[in-house]
Amino acid sequence: MTASSAALQPVIVGAGPAGVRAAQALVAHRLRPVVIDEASRAGGQIYRRPPASLAQRSARALYGFEAGRADAVHAAFDALREHIDYRPDSLVWNAQGGRLDVLHGPTRSTANVPYGQLIVATGATDRVLPVPGWTLPGVYTLGGAQVALKFQGCAIGERVVFMGTGPLLYLVAYQYAKAGAKVIAVLDTARLADQLAAAPAMLRQPAVFAKGVYYVAWLRAHGVALHSGVRPMRVLGDAQESRVAGVAWHDGREERTLACDAVGVGYALRSETQLADLLGCRFEFAPLHRAHLPVRDAAGRSSVRGVYLAGDGAGIMGADAAEWAGERAALALLTDHGVAVDAARAEALERKLHKLGGFREGLERAFPLPSDWAAHAPDELVVCRCENVTAGTLRQTVAVNGADEMNRLKALSRVGMGRCQGRMCGAAAAEILAHATGLPLQQVGRLRGQAPIKPIPIHLAAAPSTGGAGE
Amino acid sequence: MTGRKTLRTDVAIVGGGIVGASAALALRQMGIGVVLLERDLCGSRSSGVNYGGVRRQGRPINQLPLAQRAHRIWGRLRETIGADGEYLRSGHFKIARSEADMASLERYRAQSRDFDLGLELISDARLRERCPWLGTRAIGGSLCAEDGQANPRLVSPAFALAAQRAGAQIFERHKVDEVAHDGQAFMLRSGNALEVHAPALLNCAGAWSGPIASEFGEAVPLRSSHPVMAVTEPVPHFMDWSLGVEGGGIYCRQVARGNLVLGGGRGIALDADRARADRDAIATLAAQAVELLPTLRHAHFIRTWSGTEGNLPDHQPVLGPSRTTPGLFHGFGFSGAGFQIGPAAGEVLAELVRDGRSSTPIESFSIERFFAEEEAPTITPTSP
Ligand SMILES: Cc1cc2nc3c(=O)[nH]c(=O)nc-3n(C[C@H](O)[C@H](O)[C@H](O)COP(=O)(O)OP(=O)(O)OC[C@H]3O[C@@H](n4cnc5c(N)ncnc54)[C@H](O)[C@@H]3O)c2cc1C
Ligand SMILES: Cc1cc2nc3c(=O)[nH]c(=O)nc-3n(C[C@H](O)[C@H](O)[C@H](O)COP(=O)(O)OP(=O)(O)OC[C@H]3O[C@@H](n4cnc5c(N)ncnc54)[C@H](O)[C@@H]3O)c2cc1C
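Anyway, here's the lowdown on the structure attached to this text. Since the structure is predicted, the reported quantities are computational estimates derived from the model, not experimental observations. (Residues numbered from 1 in each chain as written. Chains lettered and ligands numbered in written order. Predicted model: local features only at pLDDT ≥ 70, side-chain atom pairs only at ≥ 80, totals over all residues. Heavy atoms only, no water.)

**So, the site of ligand 2**
All names here are of chain B. In the neighbourhood of ligand 2, 35 residues make up the surrounding shell, with Glu 38, Ser 47, Val 176, Glu 309 and Gly 338 lying closest. Separating an oxygen atom of ligand 2 from a side-chain N or O atom of Arg 59 is a distance of 3.5 Å. Here ligand 2 has 1,000 Å² of accessible area as a free molecule, and 97% of this is covered by the chains. Of the residues assigned to the shell around ligand 2, the class counts are 15 nonpolar, 14 polar and six charged. (Near = heavy atom within 4 Å. Polar contact = N/O pair within 3.5 Å; in protein donor to acceptor, adjacent residues only side chain to side chain. Areas by Shrake-Rupley, 256 points an atom, 1.4 Å probe, with all protein chains shown as cover. Nonpolar A, V, L, I, M, F, W, Y, C, P; charged D, E, K, R; others polar.)

Next up, the structure:
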């Protein structure tokens, strides 16, 4: 067994809950994985750690109810440090022929990391559905607002409105209010009826459900206005249109406005799938996530031999599921290479993941993506801010040129052709395309991934890559 | 349940790239009936993903009549396809990095003198004055002021749309998986969806034209190639010319939005249909880009890509009638340079259908060249 484990060369991309637990399981079987992460410190999105140089706040202050889990993941990672080849500040920007191309930020160098087995745990970012005025300074995504708080210890503004839908909406509002910011209101596009209908499914995770209920109750008790079933109309600017001055929304009967100096907007999360795409993983439409995602079996095997998928990067399932999926994928990797693993543990993890699936369905029902968003997006709404492409341009591209597929829409309109390469605007553009063509979202497809995953400086792309996995 | 549709028309075309689509348009302008089958979307393959260089300079002399014809079509692009396709006669500058390169550019100017390309050699002080942004390895070059660039993503689909507006029946997402000739007419079948009967057939299937030619006993050494492309984020505008380098290697242009589009090197095939840039090619391209244009040093690549192009060993297309089957005409194998001449190739194919001959010399593109030592082919008895 040791002989075969020694020959294994696993690489993990992502040091969030999924990547950390995967690394831990591999190390427990005497492997020494390479762990590559774009961030400077392990923890991923939810358990993001502030830079060591910043004044330390307690885990309790940073992560609230999640403090215990955050501590556990951080501790697990810290205990692994000696046993893994850890590469922080390292962006995987390309994958080809059993090697990853990695850009190391601080030394501004690129390297090639060979792998025999790869666990992709690249997590997620916010899903953005823009609203007129969203490009004004002072508008943040919910995740971005949270990162500012966790990472930099600052709030996005003094009088903040949170708008959109999804579990993060109330959580971030709660975290802001707790941290002393003035939260003017929470505007949820989901209706109360959605939440009631979803309650039975959500009770599959009573503890998580209870937390959600708690945030809502806490916010209400602290005088934060909570509105559901809203339709965001626009973010209002000040006289010079130089910063946020308020928001306008429709409450079902009339248009209303609120003054504020910052807005957090978000509609749950979207998976970071570019690496899986470059690796050649097969994608399928996942109705639950309203997205095309790389397919994985219950254990986390992708359609490509030697490539495993764990955590939010292959479908949003949350931090707990990410931990389980990371460990499960590592066990699958070991099993596939003849290393004996605890089969009962593997089964238990699969059961937990399966059970969580039911809860996720509940969440999606409680906080559905507003199905009429595209219908109400005005023509002048900027969908792709890199290329300044409006909803009207997208619709015209459909009407005049007959675009009915995402890559065609991109080619003809430039949506998703800028720095983010559609990572941010792709979801919204797909909604508009589906609406304008009358086709189901699934049928309009997804943007094909191309290297680099994120922009890379030319002189670094030109640098001769250093090979090898050595430290 | 077979809902198969059967259509009869004058000309059937396989492939909706710039060649097939412009042939369709030209045929319709002659009042000839056309059905075009494209297995994907028109202009989504080579024709829609290429670098966008619209240049005559540097082409083999035997291609210049065709290139000149194309140049005239490009000149009235808007009237022809109803879109400007971001076509610009921005100038194409071929760079020399040595005296030998310079001599070679001079030779080309002499050889192409009959074709009125207006080539102007620039070097030394005049070069530095006109393009202070050029890296020091460039010692001179040759400018063709009327050559330029266009956006292939817009131009190529627009040719198909124009053909459709002119009355061509275009079926996208219809792969031709069977072709036959019964002595009278061609039959094309796309799965269970469509059957087309026509006395004439144009083989414009790009890198995938080989099997169709083989079906008619004309196997040619067509190979796929995958040029690497990259684009930077927008940077302040500094350059109008589209640049090439004598001897090849790298080419680049800056678009109105400020992005630089660069090409050079070879990518990797993912399968028969798809390709991607190769890491070493990206590195080489990046190094050459910085050498050529030092200001790019701090710019970022935001995307790389490739495509699948049909290549023939002598880098010349096959354009002309089949040697075995009357009514069949080939237009494929443009070997990395078919975007500029594509519209003229389309017109030539249309002329061949209508008149049996083309007003532009195309003898050197004959498929015969691959069968030089063989007996003359046996012609299928009946002709339309
Ligand atoms: C901004 C934000 C805030 C969130 N806040 C909460 C919250 O408060 N509560 C909650 O329950 N859930 C929250 N979530 C969801 C939660 O983060 C996830 O469910 C959980 O972190 C998933 O874990 P993971 O390991 O799959 O991925 P992540 O934790 O997202 O970790 C992925 C890691 O991979 C790295 N990575 C990605 N691509 C590359 C690449 N190409 N090269 C190198 N490294 C790469 C990332 O930098 C990251 O460190 C939040 C998500 C986001 C995006
Ligand atoms: C990356 C790249 C850069 C290039 N740069 C330049 C340049 O700067 N300047 C220049 O002049 N040229 C350039 N070229 C070359 C130029 O793009 C091609 O020569 C030209 O587009 C070829 O056009 P086409 O119509 O023959 O082929 P394509 O555009 O490939 O069209 C063929 C079509 O046939 C379809 N097809 C194939 N088989 C079937 C079937 N069985 N049934 C139905 N449909 C089928 C395909 O889907 C395809 O759409 C470049 C090429 C590439 C790949």
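The rest of the description comes next.
**Describing the packing of aromatic side chains**
Evaluated as defined, the whole model comprises 14 aromatic pairs over all chains. Measuring from centroid to centroid gives 6.3 Å for Tyr 170 of chain A and Phe 367 of chain A, while their planes differ by 45°, and the two rings are tilted. One end of the pair, Tyr 170 of chain A, is in helix H6 (residues 167–178); the other, Phe 367 of chain A, is in the loop between helix H11 (343–366) and helix H12 (373–376), with 197 residues separating them in the sequence. When its relative accessible area of 12% is taken as the criterion, Phe 367 of chain A is described as buried. On the basis of an interplanar angle of 35° and a centroid distance of 5.1 Å, the ring pair of Trp 74 of chain B and Tyr 87 of chain B is categorised as tilted. Of this pair, Trp 74 of chain B sits in helix H3 (residues 64–75) while Tyr 87 of chain B sits in the loop between helix H4 (77–81) and strand E5 (92–96), and the two are 13 residues apart along the sequence. Trp 74 of chain B sits in the buried class, given a relative accessible area of 1%. Aromatic rings pair up to connect Tyr 174, Tyr 214, Tyr 215 and Trp 218 of chain A into one cluster. (Phe/Tyr/Trp six-rings, centres within 6.5 Å; stacked < 30°, edge-to-face > 60°. Helix = DSSP H or I, 4+ residues; strand = E, 2+ residues; numbered from the N terminus. Buried < 20%, exposed > 50% of the residue type's maximum accessible area, 1.4 Å probe, protein only.)

**Notes on empty space enclosed by the protein**
All names here are of chain A. All told, the structure shown has four cavities of 30 Å³ or more when counted by the stated rule. Of the volumes computed, that of the largest cavity is approximately 650 Å³. Taken together, 38 residues line the largest cavity, and the ones lying closest to its centre are Arg 270, Thr 273, His 292, Ala 427 and Arg 446. For the lining of the largest cavity, the elements supplying multiple residues, two or more each, are strand E17 (269–271), helix H9 (274–278), strand E18 (283–286), strand E19 (291–294), H11, helix H14 (406–413) and helix H15 (426–437). Sort the elements by how many residues they give to the lining of the largest cavity and H15 lands first, with four residues. Each residue belonging to the lining of the largest cavity can be placed in one class, and the counts come to 15 nonpolar, twelve polar and eleven charged. Per-domain counts for the lining of the largest cavity show at least three residues from each of domain 1 (10–123 + 272–339) and domain 3 (373–437). (1 Å grid on protein atoms, 1.4 Å probe; cavity = no way out; pocket = protein on both sides within 12 Å on 5 of 7 lines; lining within 4 Å. Points joined across faces, edges and corners; volume = space filled by probe spheres on them. Domains from an automatic or database assignment.)

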